Amino acid sequence: MKRVTLLTDFGTVDGYVAAMKGVAAGIAPGVILDDASHEIPPGNLQAAAWAVAAYWDRYPVGAVHMVVVDPGVGGRRRPLALCCDGRFLVGPDNGVFTRVIRAAKEWRAVAIENADIMGDVISFTFHGRDIFMPAAAHLANGTPLESLGPAVADPVMLDLPEAVDDGAMITGAIVHADRFGNLVTSVPGGMVNGREVVVQIRGRRLPLHCTYADVGRGHLVALVGSHGCVEIAVRDGSAAAMLGAGRGDTVTVTAAG
């Protein structure tokens, strides 16, 4: 049985998510619909790109991931469908798939233009219901990607900060703050593993630990988190709140001592 995941900034009080699920039920009866999240901050493309990157490849080949965080809906941005390492992704061509494309070993993309797979009436303000979900459901039914529209070689890519190691210091940035207030950085764990280092942010110097429990409750801790990157956290608290820090803030890593 094929699965379709849904990631949106719609919330759950207005019926928008159910409208899309109703479309899926009509096109692909029995398809399994997984709610990844509907709590992405409205229009936040960076947050959407981060979230879908956390799970897309955990699903089996053939799964379809739909992302509808689309502040440009009805404008000139393209509706996009991709195949990345055997999984399909559907959503606006606004950068939400940047991290997936960067992580994939191989990918191909098309612009969704085939009117035969869209809704009978296309709203300028609800492409999730009228374009993206029909495309996702048809892909779940086995419709070939290439039948959705012409190939796209230049999907929109977000500007993602990269960590820089000059030999004396690694400089990176906060790229995500999760709901616990943990601050994930752009510094890959591979840059610091096996080294005695100090992580610095907003005047704080934090030795690198292995887990949150290595410090007392309410204390800051730096570690390599589950995403494989250095993060700053507070045990049983919020590093984002304690430090007043968020996406874009600079983080440096230097040798301990």
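None of the values given here were measured: they were computed from a predicted structure.

## Structural notes on the side chain of Asp130
Mapping Asp130 onto the fold places it in helix H4 (residues 127–140). Accessibility expressed as a relative area gives 6% for Asp130, which makes it buried. The residues contacting Asp130, other than those within four sequence positions of it, are Met118, Gly119, Val121, Ile122 and Ser123.

## Focus: the nonpolar core
One broad trend across soluble globular proteins is that nonpolar side chains are buried collectively. Formed by 30 residues in total, the largest nonpolar core has its most connected members in Met20, Val64, Met66, Val90, Ile112 and Leu148. Elements represented by at least two residues in this core include exactly strand E1 (3–8), helix H1 (16–27), strand E3 (64–68), strand E4 (79–84), strand E5 (87–92) and H4. No other element matches the 8 residues that H4 contributes to this core. In this view, Met20 contacts Leu6, Thr8, Phe10, Met66, Val68, Phe126, Gly128, Arg129 and Met133; residues no more than four positions away in its chain are not counted. Ranked by size, the runner-up nonpolar core spans 26 residues in total, among them Leu7, Tyr55, Trp56 and Val69.

## Comments concerning the pattern of salt bridges
Pairs can form between side chains of opposite charge whenever their charged atoms are close. One pass over the structure, following the stated rule, counts 12 salt bridges. Asp165 is the partner of Arg195 in a salt bridge, and the nearest nitrogen-oxygen pair spans 4.0 Å. A residue pair is termed long-range when its members are at least 10 positions apart, and Arg195 in the loop between strand E10 (183–188) and strand E11 (197–201) and Asp165 in strand E8 (residues 164–165) qualify at 30 residues. A salt bridge links Arg235 to Asp236, with the shortest nitrogen-to-oxygen separation between them at 3.9 Å. For Arg235, a relative accessible area of 22% gives the class partly exposed. Among the residues examined, Asp236 registers a relative accessible area of 61% and is labelled exposed.

## Observations concerning helix H2 (residues 45–53)
Burial runs high along H2: 7 of the 9 residues are buried. When H2 is considered as a whole, its buried residues turn out to be Leu45, Ala47, Ala48, Ala49, Trp50, Ala51 and Val52. Two to three positions downstream of the cap, the backbone nitrogen of Gln46 sits 3.3 Å from a side-chain oxygen, assigning the N-cap of H2 to Asn44.

## Description of the side chain of Asn182
Assignment of secondary structure puts Asn182 in the loop between strand E9 (170–177) and E10. Each residue touching Asn182, except ones within four places of it in the same chain, is listed here: His176, Ala177, Tyr212, Glu231, Ile232, Ala233 and Val234.

## Let's talk about the environment of Cys83
Along the polypeptide, Cys83 turns up in strand E4. Note on Cys83: relative accessible area 8%, which makes it buried. Taking the C-alpha atoms as reference, Cys83 lies 24 Å from Gly43; in sequence the two are 40 residues apart. Each residue touching Cys83, except ones within four places of it in the same chain, is listed here: Phe88, Glu106, Trp107, Arg108 and Leu145.

## Some points on the sheet that holds E4
The sheet built from 7 strands is open, its strands ordered E2-E1-E3-E5-E4-E6-E7 with mixed pairing. The outermost strands of the open sheet, each flanked by one partner alone, are strand E2 (32–37) and strand E7 (151–152). One ladder, built from 6 bridges, connects E4 with E5; its direction is antiparallel. For Cys83, the partnering residue across the bridge sits in E5 and is Phe88. Those strands touched by H1 are E1, E2 and E3, and its axis lies near 160° from that of E1. In this fold H2 packs onto E1, E3 and E5, with an angle of close to 155° to the strand it touches most, E1.

Calculation criteria
Residues numbered from 1 in each chain as written. Predicted model: local features only at pLDDT ≥ 70, side-chain atom pairs only at ≥ 80, totals over all residues. Heavy atoms only, no water. Helix = DSSP H or I, 4+ residues; strand = E, 2+ residues; numbered from the N terminus. Buried < 20%, exposed > 50% of the residue type's maximum accessible area, 1.4 Å probe, protein only. Contact = heavy atoms within 4.5 Å. Core = buried A, V, L, I, M, F, W, Y, C linked by side-chain atoms within 4.5 Å. Salt bridge = Lys/Arg side-chain N within 4 Å of Asp/Glu carboxyl O. Polar contact = N/O pair within 3.5 Å; in protein donor to acceptor, adjacent residues only side chain to side chain. Pairing = 2+ DSSP bridges. Axes fitted to C-alpha atoms, helices over the stretch in contact; angles between N-to-C directions.

Function cannot be read off these values alone, since they describe shape.
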